[in-house]
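Now for the letters of each chain:
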Amino acid sequence: MNVEKLLEQEIVTYVENLPGWKWDEGKWISKRYRFQNYLTGVSFVSELANYSEQRNHHPFISIDYKVVTIKLSSWNAGGLTSLDMEMAKIFDEIYDQFVE
């Protein structure tokens, strides 16, 4: 999969349209998801992991009790790509299934 690194202004535009996502250190975008309990967060991570494996694009994931933090970047492109932004949007959609 050959996806090109986004320009700074493209990243800013994408992130403005991804509620809760932050552009960190110019390397990745990140978001913290909060859950009612630990096991719901773990189930959410399992869904993200399965989706990420299908797309062959794997985020950094940390679980801190009821908070799951996700970081996305495309290391082979040397920064953020449209794939990272697409994945962020999908992760938000998956999260919505867990909190409704």
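Structural notes, computed from the coordinates. (Residues numbered from 1 in each chain as written. Predicted model: local features only at pLDDT ≥ 70, side-chain atom pairs only at ≥ 80, totals over all residues. Heavy atoms only, no water.)

**Points about the overall build of the chain**
Keep this limit in mind: Each helix is a run of DSSP H or I of at least 4 residues and each strand a run of E of at least 2, with the numbering of both proceeding from the N terminus. Restricting the calculation to C-alpha atoms gives the radius of gyration, and the globule rule supplies 2.2 Å times the number of residues raised to the power 0.38.
On a plain count of helices and strands, the chain comes out with three helices and four strands. Ordered by position from the N terminus, the helices and strands of the chain form the series α-β-β-α-β-β-α. Computed over C-alpha atoms, the radius of gyration of the chain comes to 13 Å, within 12% of the 13 Å expected from 2.2 N^0.38 for 100 residues, which places it in the range of a compact globule. Overall size of the chain, expressed as C-alpha extent along the three principal axes, is 40 × 25 × 20 Å.

**Remarks on the nonpolar core**
The criterion, for reference: Throughout, nonpolar core names a set of buried Ala, Val, Leu, Ile, Met, Phe, Trp, Tyr and Cys residues whose side chains join them through atoms within 4.5 Å. Per-residue accessibility, obtained with a 1.4 Å probe over protein chains only, is compared with the maximum for each type, and a residue is labelled buried under 20%, exposed over 50%, and partly exposed between these values. By definition in these notes, contact holds between two residues if any of their heavy atoms fall within 4.5 Å.
By size, the foremost hydrophobic cluster in this structure holds 23 residues, and its most contacted members are Trp 21, Ile 29 and Phe 91. Among the elements that line this core, the one with the most residues is helix α3 (residues 82-99), at seven residues. In contact with Phe 91, not counting residues within four places along its chain, are Trp 21, Tyr 33, Phe 44, Leu 48, Tyr 51, Ser 52, Pro 59, Ile 70 and Leu 72.

**Here's the deal with the sheet that holds strand β4 (residues 67-72)**
Rule in force here: What makes two strands pair is DSSP finding at least two bridges between them. Note on definitions: angles span 0 to 180 degrees between N-to-C directions of axes, and those axes are lines fitted to C-alpha atoms, for helices only across the stretch in contact.
Strand order in the open sheet made by the four strands is β1-β2-β4-β3, with antiparallel pairing throughout. On the outer flanks of this sheet lie β1 (22-24) and β3 (60-64), each paired with one strand and no other. Across the sheet, the mean angle from the axis of one strand to that of its neighbour is 25°, orientation sign disregarded. Two elements, strand β2 (residues 28-34) and β4, share six bridges in a ladder whose sense is antiparallel. Its bridge partner being in β4, Ser 30 is matched across the sheet by Lys 71. The sheet strands contacting α3 are β2 and β4, and the helix crosses β2 at an angle near 5°.

**Here's the deal with the packing of helix α2 (residues 38-55) against α3**
Put simply, the rule is: Should the near helix be turned counterclockwise from the far one by less than a right angle, the crossing is left-handed, whereas a clockwise turn marks it as right-handed. Ten residue types, Ala, Val, Leu, Ile, Met, Phe, Trp, Tyr, Cys and Pro, are classed as nonpolar, four, Asp, Glu, Lys and Arg, as charged, and the remainder, Gly among them, as polar.
The N-to-C vectors of α2 and α3 enclose an angle of 145°; their axes lie 10 Å apart at closest approach. Every pair of crossing elements has a handedness; the one defined by α2 and α3 is right-handed. The residues of α3 that touch α2, namely those facing Thr 40, Ser 43, Phe 44, Glu 47, Leu 48, Tyr 51, Ser 52 and Arg 55, are Leu 83, Glu 86, Met 87, Ile 90, Phe 91, Ile 94, Tyr 95 and Phe 98. Here the residues of the contact of α2 with α3 sort into ten nonpolar, three polar and three charged.

**Examining unusual backbone geometry**
Notably, Asn 56 is not glycine yet its phi reads approximately 55°, a positive angle. With respect to the element layout, Asn 56 can be found in the loop between α2 and β3.

**Structural notes on the pairing of β4**
Two faces, one strand: in a regular strand the side chains alternate between the faces of the sheet. Burial analysis of β4 places five of its six residues in the buried class, which makes it a mostly covered element. Pairing of β3 with β4, which is carried by five bridges, proceeds in the antiparallel orientation. Looking at β4, one finds that Phe 60 is bridged to Lys 71. Connecting β3 to the antiparallel partner β4 that follows it, the hairpin turn spans two residues, and Tyr 65 within it adopts a positive phi of roughly 55°.

**Observations regarding the pairing of β2**
Within β2, five of the seven residues are buried, which leaves it mostly tucked inside the rest of the structure. Alignment of β1 against β2, held across three bridges, turns out to be antiparallel. Paired with Trp 23 across the two strands is Ile 29, which belongs to β2. Remark: three residues form the turn of the hairpin made by β1 and β2, two consecutive strands paired antiparallel; Glu 25 in that turn has positive phi of roughly 55°.

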